[in-house]
Amino acid sequence: MRLLSSATGVELTADRLFEHRVRRLVGTSAVALGVIWGLAFAADAPAWVLVLLAIGWVSMPTVLASSLRRPLVRYALVVPATAVSVGLIGMTVAAPGSTAFGWFVLTFGILFGGSLGAWLWFRWLPVPRLFDDPFAAPRMTLIAVHIGLVLVGVSAVAAGL
C-alpha cells in the first residue's frame, strides 16, 4: 500500500473539475486581497507595505486567470504570494496595538494557505495519499482552517480600527 501520492497532481493540469476551483480563486483572491489592502490603508500602513499588498492584489488573480489556459503558469503564483506575505509580515510588525492580534492571525492564515499551495499544488514536499484528492474532506479541512484564520484575522483588524 502506497502512503504517498504521485509526484504530480491535478493542480498543475487542465483538469475540468480543478479549473472550477481556479476560477473561484480568481474572484476570491481579488476580493480578499482588496479587503486586506483596504484594511492596511485604513490602518495607515507604511507605503512599502501598501505597494507589496497592491502587487499581490493585482497579480494573484491575474496569474490565476492566465493559468486557466496554461496551467504551468501557476508556478508564477510564487511572486504574488511572496509580495503579500512580506507585506503582511511588515504590517504585523508595524500594526498599532488595537489591531496587532488581528494582523498576526491574518498573516498566519495567509502563510498557512501559501504553505498549503506550495505543498499540495507544487508538490515541493511529498503529499500523503490522504491529501492527494483536492476535493476530499481531509484537504478541504486544511483549506477551511486557512479560510477561518483569514476571516478571524480580518474581523479582528476591522474591529480594532
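Residues numbered from 1 in each chain as written. Predicted model: local features only at pLDDT ≥ 70, side-chain atom pairs only at ≥ 80, totals over all residues. Heavy atoms only, no water.

For this particular structure, what's the right way to read the packing of helix α3 (residues 78-94) against helix α4 (residues 97-121)?
Packed helices, taken two at a time, are described by the angle their axes make and the gap between the axes. Two elements in contact, α3 and α4, have axes whose closest approach is 9 Å; the angle formed by their N-to-C orientations is 160°. The orientation of α3 with respect to α4, classified from their angle, is roughly antiparallel. At the point where α3 passes α4, the crossing takes the left-handed sense. In this structure, α3 uses V84, S85, L88, I89, M91 and T92 to contact α4, whose residues at the interface are W103, F104, L106, T107, I110 and L111. Residues belonging to the contact of α3 with α4 are distributed by class as follows: 9 nonpolar, 3 polar and no charged. (Axes fitted to C-alpha atoms, helices over the stretch in contact; angles between N-to-C directions. Helix = DSSP H or I, 4+ residues; strand = E, 2+ residues; numbered from the N terminus. Parallel < 35°, antiparallel > 145°, perpendicular 65-115°, else oblique. Left-handed = near helix turned anticlockwise from the far one by under 90°. Contact = heavy atoms within 4.5 Å. Nonpolar A, V, L, I, M, F, W, Y, C, P; charged D, E, K, R; others polar.)

Explanation requested: the packing of aromatic side chains in the structure shown.
Given two aromatic rings, one states the distance between the centres and the angle between the planes to describe the pair. Enumeration over the complete set of coordinates arrives at 7 aromatic pairs. Aromatic pair F18 and F135: ring centres 6.4 Å apart, planes at 65°, arrangement edge-to-face. Of this pair, F18 sits in helix α1 (residues 16-42) while F135 sits in the loop between α4 and α5 (137-160), and the two are 117 residues apart along the sequence. Judged by relative accessible area, which is 38%, F135 ranks as partly exposed. Look at F122 and W124: their rings are 5.3 Å apart centre to centre, the planes differ by 35°, and that puts the pair in the tilted class. Using a relative accessible area of 10% as the deciding quantity, one classes F122 as buried. For W124, a relative accessible area of 52% corresponds to the exposed category. Feature note: the residues F18, W121 and F135 constitute an aromatic cluster, connected by ring pairs. (Phe/Tyr/Trp six-rings, centres within 6.5 Å; stacked < 30°, edge-to-face > 60°. Buried < 20%, exposed > 50% of the residue type's maximum accessible area, 1.4 Å probe, protein only.)

Before we go on, may I ask you to explain the environment of F18 in this structure?
Exposure remark for F18: the relative accessible area of 0% places this residue in the buried category. Once residues lying within four places of it in the same chain are set aside, the contact partners of F18 are V10, E11, R74, W121, P134 and F135.

Can you walk me through the environment of A94 in this structure?
Counting through the fold element by element, A94 comes out in helix α3. Relative accessible area serves as the criterion here: at 41%, A94 is assigned to the partly exposed category.

I keep staring at the pattern of salt bridges and nothing clicks. Help me out?
Side chains bearing opposite charge may pair, as long as their charged atoms lie close to each other. Under the criterion given, the structure shown has 5 salt bridges. Note that R23 and E19 form a salt bridge whose closest N and O atoms lie 2.8 Å from each other. With R23 and E19 both in helix α1 and 4 residues apart, the pair spans about one turn of that helix. The class for E19 is buried, based on a relative accessible area of 12%. One continuous salt-bridge network, built from bridges that share partners, spans E11, R123, D132 and R139. (Salt bridge = Lys/Arg side-chain N within 4 Å of Asp/Glu carboxyl O.)

I tried to follow the side chain of E11 on my own but got confused; where do I start?
Mapped onto the elements, E11 comes out in the segment before α1. Here the side chain of E11 touches R139 through a polar contact of 2.6 Å, side chain to side chain. Ignoring anything within four residues of it in the chain, the contact list for E11 reads F18, R74, L120, W121, R123, D132, P134 and R139. (Polar contact = N/O pair within 3.5 Å; in protein donor to acceptor, adjacent residues only side chain to side chain.)

Any chance you could explain the nonpolar core here in plain terms?
Generally speaking, a soluble globular protein has its nonpolar side chains buried in company with each other. Among the nonpolar cores identified, the biggest contains 36 residues, and I36, L88, W103, L106 and W121 are the most heavily contacted of them. Elements with a minimum of two residues in this core: α1, α2 (47-66), α3, α4 and α5. Those residues within four positions of W121 in sequence are excluded, and the remaining contacts are E11, L12, F18, V22, L25, L64, R74, L77, L116 and R139. (Core = buried A, V, L, I, M, F, W, Y, C linked by side-chain atoms within 4.5 Å.)

Would you mind showing me how to read unusual backbone geometry here?
Negative phi characterises most residues that are not glycine, and trans characterises most peptide bonds. Its identity is not glycine, yet D44 carries a phi of approximately 55°, on the positive side. Here R123, not a glycine, exhibits a phi torsion of approximately 60°, which is positive. When you line up the elements, R123 lands in the loop between α4 and α5.

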